[in-house]
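Report on the structure
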Amino acid sequence: MIPQTLTNLLQQSLPFYHNLTASERELLVQHATLANYQEGQSLHFGNNDCIGLLVIKSGSIRTYLLSEEGREVTLYRLGENEVCILSASCVLKTITFDVFIEAESDCEILAVPSSVFLSLSTNNIYVEAYMYKLATERFSDVMWTMQQILFTSFDKRLAAFLLDETIKEQSDTLTMTHEQIAKYLGSAREVVSRMLKYFSTEGILTLSRGKITILDKKKLRSLL
């Protein structure tokens, strides 16, 4: 039995919880496990790994594709109280590509094993509907990312990313490397460095080791 606080987390994060039978709730609660992950630690290694449905209690995770050459393309990022479905890709038979997931920061995550989630979705229409609704939302995120990569110039993508990060962090100083930004934007570190240097010469931001400070948000927004 997991603590009541984590039962509450399941209730709050999984809309189908109140539509489960007593035995289904017991199955879910007894098999859900809480684990801690450190920043940068891998949670899911493509189609050969199917750890189950992930409920993020704290921290954030990043879902990405990995090419044979080692290039990463971030599909989306999830934070506190959000749910990751692609970590249970073996339950979604239509997923035929490898998805990788890592802890973007130190995380505390509640996992529902794939076997349990499969049993629930097979026998309960509310769980099945939630599964496909969530998968559709995530694929919408994926398609938005692909549209940005294919059809939006890199200066606009970088400007939008930096503005979003200042809102997320509630600070005009961002602590991240050029390599990290390249992973988020599906680009090369050299491309990121050149564009950041250009932004710096334009007085939009300043660069220091592992940090970016936004000086002129108005000018940054004008690039969008």
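Please read these numbers as outputs of a predicted model, since none were measured by experiment. (Residues numbered from 1 in each chain as written. Predicted model: local features only at pLDDT ≥ 70, side-chain atom pairs only at ≥ 80, totals over all residues. Heavy atoms only, no water.)

Considerations on the packing of helix α5 (residues 154–169) against helix α7 (residues 189–201)
Helix-helix packing is characterised by the crossing angle of the two axes and by the distance between the axes. Stated formally: Orientation is described by axes fitted as lines to C-alpha atoms, over the contacting stretch for helices, and by angles from 0 to 180 degrees between their N-to-C directions. Strands here are runs of E lasting at least two residues and helices are runs of H or I lasting at least four, both read from the DSSP assignment and numbered beginning at the N terminus. The labels follow the angle: roughly parallel below 35 degrees, roughly antiparallel above 145, roughly perpendicular from 65 to 115, and oblique for the rest. The criterion used for residue contact is that any of the two residues' heavy atoms lie within 4.5 Å. Nonpolar residues are Ala, Val, Leu, Ile, Met, Phe, Trp, Tyr, Cys and Pro. Charged residues are Asp, Glu, Lys and Arg, and all others, Gly as well, are polar.
Axis separation between α5 and α7 bottoms out at 11 Å; the angle between their running directions is 75 degrees. As summarised for this structure, α5 and α7 are arranged roughly perpendicular, according to the angle between their axes. Of the residues in α7, those in contact with F154, D155, L158, A159 and L162 of α5 are V191, V192, M195, L196 and F199. Here the contact of α5 with α7 is built from residues that sort into nine nonpolar, no polar and one charged.

Describing the pattern of salt bridges
In a structure, side chains of opposite charge can pair up when their charged atoms sit close to one another. Stated precisely, the cut-off is as follows: The salt bridge definition used is simple: a Lys or Arg side-chain nitrogen within 4 Å of an Asp or Glu carboxyl oxygen. Each residue is assigned to one of three classes by its accessible area relative to the maximum for its type, calculated with a 1.4 Å probe on protein chains only: buried under 20%, partly exposed between the two thresholds, exposed over 50%.
Within the structure shown, the criterion is met by eleven salt bridges. The partner of K57 in a salt bridge is E108, and the shortest N-O contact between them spans 3.7 Å. Placement of K57 in strand β3 (residues 53–58) and of E108 in strand β8 (residues 107–112) is noted, with a sequence separation of 51 residues between them. Taking the relative accessible area as the measure of exposure, K57 reaches 29% and is therefore partly exposed. Close ionic contact of R138 with D141 constitutes a salt bridge, the shortest N to O distance being 3.4 Å. Here the residue R138 and the residue D141 both occupy positions in helix α4 (residues 125–151), the gap between them amounting to three residues, near one helical turn. Take R138: its relative accessible area is 8%, and that puts it in the buried class.

Points about the sheet that holds strand β6 (residues 83–84)
What counts here: Paired strands, as defined in this entry, are two strands with at least two bridges between them according to DSSP.
The sheet built from four strands is open, its strands ordered β1-β8-β3-β6 with antiparallel pairing. Lying at the two open borders of the sheet, with one neighbouring strand each, are β1 (33–37) and β6. Of the strand pairs in this sheet, β1 and β8 are connected by five bridges, and their pairing is antiparallel. Opposite A35, over in β8, you have I109 as the bridge partner.

Section: the packing of aromatic side chains
This is how it is decided: What counts as a ring pair is set by centres within 6.5 Å for rings of Phe, Tyr and Trp (its six-membered ring), and what kind of pair is set by the plane angle: stacked under 30 degrees, edge-to-face over 60, tilted for all other angles. Only lysine NZ and arginine CZ atoms are considered, and such an atom sits over a ring when it is within 6 Å of the ring centre and within 35 degrees of the ring normal.
The tally for this structure, following the rule as stated, stands at four aromatic pairs. Ring geometry for F161 against Y184: centres 5.6 Å apart, planes inclined by 35 degrees, an arrangement best described as tilted. Of this pair, F161 sits in helix α5 while Y184 sits in helix α6 (residues 178–185), and the two are 23 residues apart along the sequence. With a centroid separation of 6.1 Å and an interplanar angle of 50 degrees, the aromatic rings of Y198 and F199 are classed as tilted. The exposure class of Y198 is partly exposed, given its relative accessible area of 41%. When the ring centre of Y64 is taken as reference, the NZ or CZ atom of R62 above it lies at 4.3 Å.

Things to note about the environment of G59
Mapped onto the secondary structure, G59 falls in the loop between β3 and β4 (61–66). Judged by its relative accessible area of 26%, G59 falls in the partly exposed class. Once the C-alpha coordinates of G59 and L174 are considered, the two residues, 115 residues apart in sequence, prove to be 17 Å apart.

Bear in mind that shape data such as this cannot, by itself, settle questions of function.
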